[in-house]
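Listed here are the chains, written in short residue letters.
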Amino acid sequence: MDVSARFLQTALDGIDDCINIVDKKFQIIFINEAASKRVGKNWRTMLGNKCYAQLWGKSAPCENCVTGKAFETGKTQQTIKWEIGPDGKKHFMEHFAFPITDKEGNVEYTVEIFRDITERKLLEEEREQQRLELGKRVRELRHAYEELKSLQNQLLQAEKMASIGLLASSLAHELDTPLATISGYCELLAEDIQDKNFLGRVKTISEQVIKCQKTIRNLLDFSRKSNYERKLCNIHQLINSILSLVEHRLIIHKIRLHKTFDDQIPPLLVDGNQIQQVILNLVNNAVDALPQGGDVFIETRVNREAKSFEIIFEDNGIGISDEHRKYIFSPFFTTKEPGKGTGLGLLICKNIILAHNGKITLESRVGNGTKFVILLPL
Ligand SMILES: Nc1ncnc2c1ncn2[C@@H]1O[C@H](COP(=O)(O)OP(=O)(O)OP(=O)(O)O)[C@@H](O)[C@H]1O
Ligand SMILES: [Mg+2]
């Protein structure tokens, strides 16, 4: 080895990357220490032999070999490949090939440099994994935030309902006494009146006042604060008393109410106030779905086999489109004009029914009305 060759060998032996130079026949004419050490061979025995055999244990040039491509194209090549290393593990290798040309521009030799970048790759993969994990966390956080926001809004709505309830109950209290007085005086008047015509009129006043009192008592019952107390209740009484509060609304909207109650229903352990809230929400939705009037059907039935009790609530209104079906129990989903619906009614219904270990499901087709089935355990 002459002085310049020895100088080159010493210089390139000091580099950690594997370096070799091959001729057109893929014969190694130079190899540094890192490359020969990697395959555990003496560099002297490798000179003059095929690179694919000495370095990669192959009997023919490697597939997609950068050296072969550098010879073909006369251009620098780069690639990343993986292979099973001498330790039996998967290694990522980065390969470069630089062509050396003669005066005419023909590629005479190629310098190949390759290095193991497994550690860098693993680090990159780890970083990618961390990035994905972080993205997931951010999404979870965003979801939790949305949920919190929706709960806050529900709370606001509930507070609003509570203050309306308070207002209604104080109003009912205020009206109760004068109505009782009117009713008492009507009775006194009736005792003194002989004329049948007059008597009839006073009796009509008395009847109407009693009706007002009944409505007000129902309103008071409904607005009375409930601490989510469950008591054995007669479900039909609950339904009837809340319906009596909205009866006049149904009449105004030309809606006929059809009740079919199953008398076999035993008393149920429920929070009466909440069940009434469910019925009220469903009635309000039905009224909105029947702008030209129509029919509302409420049916109750016991399913002894399923040990459950069903309330079937049906209207023949505008119905719910397939597109909207999946959203109707979601918070703030409403198809009503601004100021008319908050999109919380059905969500509240669902939460109440779930709290009673029950289920509320929808059956609806556009133009064919809407049917809700509430299932409560017996
Ligand atoms: N009986 C029904 N017929 C047709 N559509 C209905 C019926 N009940 C509910 N919907 C649809 O489901 C949506 C959600 O109902 P939900 O009761 O939750 O909210 P809302 O009635 O819009 O507002 P609010 O909070 O005042 O009740 C309604 O906007 C409506 O599109
Ligand atoms: Mg509603």
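Residues numbered from 1 in each chain as written. Chains lettered and ligands numbered in written order. Predicted model: local features only at pLDDT ≥ 70, side-chain atom pairs only at ≥ 80, totals over all residues. Heavy atoms only, no water.

## Observations regarding the overall build of the chain
- Counting its secondary structure elements, the chain contains 11 helices and 12 strands.
- A compact globule built from 378 residues should have a C-alpha radius of gyration of about 21 Å, whereas the chain, at 43 Å, is more than 25% larger.
- The buried share among the 378 residues of the chain stands at 38%.
- Taking the intrachain contacts of the chain between residues at least 6 apart in sequence as the baseline, contacts between residues at least 24 apart amount to 57%.
- A gap of 2 Å separates the mean positions of the 51 positive and 50 negative side-chain charges of the chain. (Helix = DSSP H or I, 4+ residues; strand = E, 2+ residues; numbered from the N terminus. Rg over C-alpha atoms; globule rule 2.2 N^0.38 Å. Buried < 20%, exposed > 50% of the residue type's maximum accessible area, 1.4 Å probe, protein only. Contact = heavy atoms within 4.5 Å. Lys, Arg positive; Asp, Glu negative; His and termini not counted. Charge placed at Lys NZ, Arg CZ, Asp CG, Glu CD.)

## Quick word on the site of ligand 1
- As a matter of local geometry, ligand 1 sits amid 17 residues, with Thr 334, Thr 335, Lys 336, Thr 342 and Leu 344 nearest to it.
- Contacts to ligand 1 include Asn 285, whose side-chain N or O atom sits 2.9 Å from an oxygen atom.
- With respect to ligand 1, the side chain of Thr 370 contributes an N or O atom lying 3.1 Å from a nitrogen atom.
- In isolation ligand 1 has 600 Å² of accessible area, and contact with the protein removes 90% of it.
- Using a 2 Å cut-off from the grid points, one finds that ligand 1 occupies the second largest pocket.
- Where the shell around ligand 1 is concerned, the elements lending two or more residues are helix H9 (272–289) and helix H11 (345–355).
- Looking at the shell around ligand 1 residue by residue, the class counts come to six nonpolar, nine polar and two charged. (Near = heavy atom within 4 Å. Polar contact = N/O pair within 3.5 Å; in protein donor to acceptor, adjacent residues only side chain to side chain. Areas by Shrake-Rupley, 256 points an atom, 1.4 Å probe, with all protein chains shown as cover. 1 Å grid on protein atoms, 1.4 Å probe; cavity = no way out; pocket = protein on both sides within 12 Å on 5 of 7 lines; lining within 4 Å. Sits in = over half its atoms within 2 Å of the grid points. Nonpolar A, V, L, I, M, F, W, Y, C, P; charged D, E, K, R; others polar.)

## As for the domain arrangement of the chain
- Segmenting the chain into domains produces domain 1 (3–116), domain 2 (138–225) and domain 3 (227–377).
- Placing a centre on the C-alpha atoms of domain 1 and another on those of domain 3 gives a separation of 80 Å. (Domains from an automatic or database assignment.)

## Description of the pairing of strand E3 (residues 77–84)
- The sheet contact formed by E3 and strand E4 (residues 90–101) spans eight bridges and is antiparallel. Across the sheet, the residue bridging to Trp 82 is Phe 92, located in E4. (Pairing = 2+ DSSP bridges.)

## Topic: the packing of H9 against H11
- Two numbers describe how H9 lies on H11: the axes approach to 9 Å, and their chain directions differ by 150 degrees. On the basis of their axis angle, the class for H9 and H11 is roughly antiparallel. In the packing of H9 onto H11, the handedness of the crossing is left-handed. Residues Gln 274, Gln 277, Val 278, Asn 281, Leu 282 and Asn 285 of H9 pack against Gly 345, Leu 346, Ile 348, Cys 349, Ile 352 and Ile 353 of H11.
- Partitioned by chemical class, the residues of the contact of H9 with H11 number seven nonpolar, five polar and no charged. (Axes fitted to C-alpha atoms, helices over the stretch in contact; angles between N-to-C directions. Parallel < 35°, antiparallel > 145°, perpendicular 65-115°, else oblique. Left-handed = near helix turned anticlockwise from the far one by under 90°.)

## Some words on the sheet that holds strand E1 (residues 18–23)
- Taken together, the five strands give an open sheet; going across it, the order is E2-E1-E5-E4-E3, and neighbouring strands pair in antiparallel fashion. Both outer strands of the open sheet, strand E2 (28–31) and E3, are each paired with one neighbouring strand and no more. Each strand of the sheet is rotated relative to its neighbour by a mean of 25 degrees, with strand direction disregarded.
- Pairing of E1 with strand E5 (residues 107–116) involves six bridges; the strand directions are antiparallel. From the neighbouring strand, Ile 21 faces E5, where its bridge partner is Val 111.
- Against the sheet, helix H5 (residues 66–73) engages E1, E3, E4 and E5, with an angle of about 150 degrees to E5.

## Focus on the nonpolar core
- Counting 40 residues, the largest nonpolar core has Ile 235, Val 283, Phe 313, Phe 372 and Ile 374 as its most contacted members.
- Looking at this core, the elements that each hand over two or more residues are helix H8 (235–252), strand E8 (268–270), H9, strand E9 (294–303), strand E10 (308–315), H11, strand E11 (359–364) and strand E12 (370–377).
- Once residues within four sequence positions are removed from consideration, Ile 374 is found in contact with Val 278, Leu 282, Phe 309, Glu 310, Ile 311, Ile 353, Lys 359 and Ile 360.
- Among the nonpolar cores identified, the runner-up in size contains 19 residues, and Ile 28, Ala 35, Cys 62 and Val 107 belong to it. (Core = buried A, V, L, I, M, F, W, Y, C linked by side-chain atoms within 4.5 Å.)

## Quick word on the packing of aromatic side chains
- Summed over all chains, the structure comprises six aromatic pairs.
- In textbook terms, an aromatic cluster arises when at least three aromatic residues are bridged by ring pairs, as seen for Phe 26, Tyr 52 and Phe 71.
- Here the basic side chain of Lys 90 rests over the ring of Trp 82, its NZ or CZ set 4.3 Å away from the ring centre.
- The side chain of Lys 121 reaches across the aromatic face of Phe 92, ending 5.6 Å from its centre. (Phe/Tyr/Trp six-rings, centres within 6.5 Å; stacked < 30°, edge-to-face > 60°. Lys NZ or Arg CZ within 6 Å of the ring centre and 35° of its normal.)

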